[in-house]
Amino acid sequence: MLRQSFLYLSRQRRLRHWMETSSHARKLTARFIPGQTLDDVIGVCHKLHAGRYLATLDHLGENVATRQEADTSRDFCLSALDSIAASTLPATISIKLTQLGLDLGDDLCRRNVDLLVRKAASIGSRVEIDMEAHEYVDRTLNLVEHFQNEYGCVRSVLQAYLYRTEDDARRMSKAGVPIRLCKGAYNEPASVAYPAKSTVDEQYLKLSRYLLDEGAYPALATHDPRMIDSALAHIAKTGRQPHEFEFQMLYGVRRDLQQSLVDQGYRVRLYVPYGTAWYPYFMRRLAERPANAFFIARNLFRA
Ligand SMILES: Cc1cc2nc3c(=O)[nH]c(=O)nc-3n(C[C@H](O)[C@H](O)[C@H](O)COP(=O)(O)OP(=O)(O)OC[C@H]3O[C@@H](n4cnc5c(N)ncnc54)[C@H](O)[C@@H]3O)c2cc1C
């Protein structure tokens, strides 16, 4: 059993390495991951900015296993903030705490993130702290609260599929932390998350209304027209102004919807991932929408 698990993991690692270094795979992922280098994505952000989009830059990576990898990720993120400052783009960065050493200890992670948030504060940007699998939620929210108290330029992410999220939304809103609300992208057990998609959707609607009423500059991260229409109806009723919240979407997903919101004068921030460690991010996007896998397969045969 142990031997089988080991063989499975080592096959997965080899597959991931092969995919991430293959030039064919690169062509297929470009729709969702527009660049490998910081220069690539700063160019992309300039184009987005010209089209009235905001951006958040995500240097891909998660669950690093060594201190050196965590420090390297931190340096990539610091360079991203330097480039944002130099280009005067109204962009933020998005990070995953396991990319900055959370699996190796809270202290190491806190030290790395401190440098990022401090720099973001000094250039008028923000660090958006992605939410990962449910085992990390408590430690992530504790760190978010700490940085909010120290610097006040972070954003927390909450996932509508978790049973606990209503409580977390109240806690974060009381602490004045801006929240990005998403449905949740990890494969969670029924002991912690609503198994039915319809219930997750209902939770999303309820939480988005709460954040629009009580939250500090909320971000609604979804490509679901039903979630967006409901938020717009609520906004029309309550009189929230377009500069008091934003929509967030993933680069390359539902570009029609992104454009329509921008055309209506709403703020839309695109999540722009870059780098070479794209495999887990890309696989989550395929899992969310099986049609993406057909799109990839079709292009693979064409390539
Ligand atoms: C800016 C942003 C940041 C995010 N950050 C996090 C995070 O920190 N933690 C986390 O767990 N999750 C995060 N997510 C992912 C999120 O939790 C969902 O998994 C994802 O957004 C799909 O949910 P949905 O709200 O778009 O609705 P769904 O009901 O999944 O989809 C609605 C419609 O959107 C379109 N769509 C959705 N996903 C895709 C896709 N991959 N490809 C093509 N079309 C698609 C389809 O038309 C679909 O019918 C983030 C999402 C966004 C937009």
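Use the structure listed above.
Report follows, based on the coordinates. (Residues numbered from 1 in each chain as written. Predicted model: local features only at pLDDT ≥ 70, side-chain atom pairs only at ≥ 80, totals over all residues. Heavy atoms only, no water.)

### Some thoughts on the pairing of strand S4 (residues 154-159)
Part 1 of the argument: With six of six residues buried, S4 is to be regarded as a mostly interior element.
Part 2 of the argument: Bridge analysis of strand S3 (residues 127-129) against S4 gives three bridges, and the strand direction is parallel. Counterpart to Val127 in the pairing with S4 is Val154.
Part 3 of the argument: Assessed by its sense of winding, the connection that carries the chain from S3 through helix H6 (residues 137-150) to S4 is right-handed.
Part 4 of the argument: Bridge count for S4 against strand S5 (residues 179-182) is four bridges, and the pairing is parallel. Looking across to S5, one finds that Ser156 is bridged to Ile179.
Part 5 of the argument: Note that the unit made of S4, helix H7 (residues 165-174) and S5 has a crossover that is right-handed. (Buried < 20%, exposed > 50% of the residue type's maximum accessible area, 1.4 Å probe, protein only. Helix = DSSP H or I, 4+ residues; strand = E, 2+ residues; numbered from the N terminus. Pairing = 2+ DSSP bridges. Right-handed = clockwise from strand over helix to strand, strands pointing away.)

### Some thoughts on the packing of aromatic side chains
Part 1 of the argument: According to the stated counting rule, one finds eight aromatic pairs in the structure shown.
Part 2 of the argument: Ring geometry for Phe32 against Phe282: centres 6.1 Å apart, planes inclined by 55°, an arrangement best described as tilted. Taken together, the positions of Phe32 in the loop between helix H2 (23-29) and helix H3 (38-50) and Phe282 in helix H11 (residues 279-288) put the pair 250 residues apart, joining distant regions of the chain.
Part 3 of the argument: Residue classification places Phe32 among the buried positions, given a relative accessible area of 3%. (Phe/Tyr/Trp six-rings, centres within 6.5 Å; stacked < 30°, edge-to-face > 60°.)

### Digging into the pattern of salt bridges
Part 1 of the argument: Summed over the entire model, instances satisfying the criterion amount to 26 salt bridges.
Part 2 of the argument: Between Arg74 and Asp71 there is a salt bridge, and its shortest N-O distance comes to 3.6 Å. On the criterion of helical spacing, the pair formed by Arg74 and Asp71 is a turn pair, its members being three residues apart in helix H4 (residues 67-87).
Part 3 of the argument: Overall, Asp71 belongs to the partly exposed group, its relative accessible area being 21%. (Salt bridge = Lys/Arg side-chain N within 4 Å of Asp/Glu carboxyl O.)

### Quick word on the pairing of S5
Part 1 of the argument: Alternating residues of S5 divide into Ile179 and Leu181 and Arg180 and Cys182, and every residue in both groups is buried.
Part 2 of the argument: The pairing of S5 with strand S6 (residues 219-221) spans two bridges and is parallel. From the neighbouring strand, Leu181 faces S6, where its bridge partner is Leu220.
Part 3 of the argument: Regarding topology, helix H8 (residues 197-214) serves as the crossover connection from S5 to the parallel S6, and that connection is right-handed.

### Quick look at H8
Part 1 of the argument: Helix length check: H8, at 18 residues, gives a terminal C-alpha distance of 25 Å against a target of 26 Å (1.5 Å per residue), a fit within 8%.
Part 2 of the argument: Within H8, burial applies to Val200, Asp201, Gln203, Tyr204, Leu205, Leu207, Ser208, Leu211 and Leu212.
Part 3 of the argument: Looking at the buried residues of H8, the elements they touch are H7, S5, S6 and helix H9 (225-238). (Expected span 1.5 Å × (residues − 1). Contact = heavy atoms within 4.5 Å.)

### Some details on unusual backbone geometry
Part 1 of the argument: With a phi angle near 55°, Thr88 is a residue other than glycine that sits in the positive phi range.
Part 2 of the argument: Counting through the fold element by element, Thr88 comes out in the loop between H4 and strand S2 (91-95).
Part 3 of the argument: Residue Thr88 is classed as exposed on the basis of its relative accessible area of 66%.

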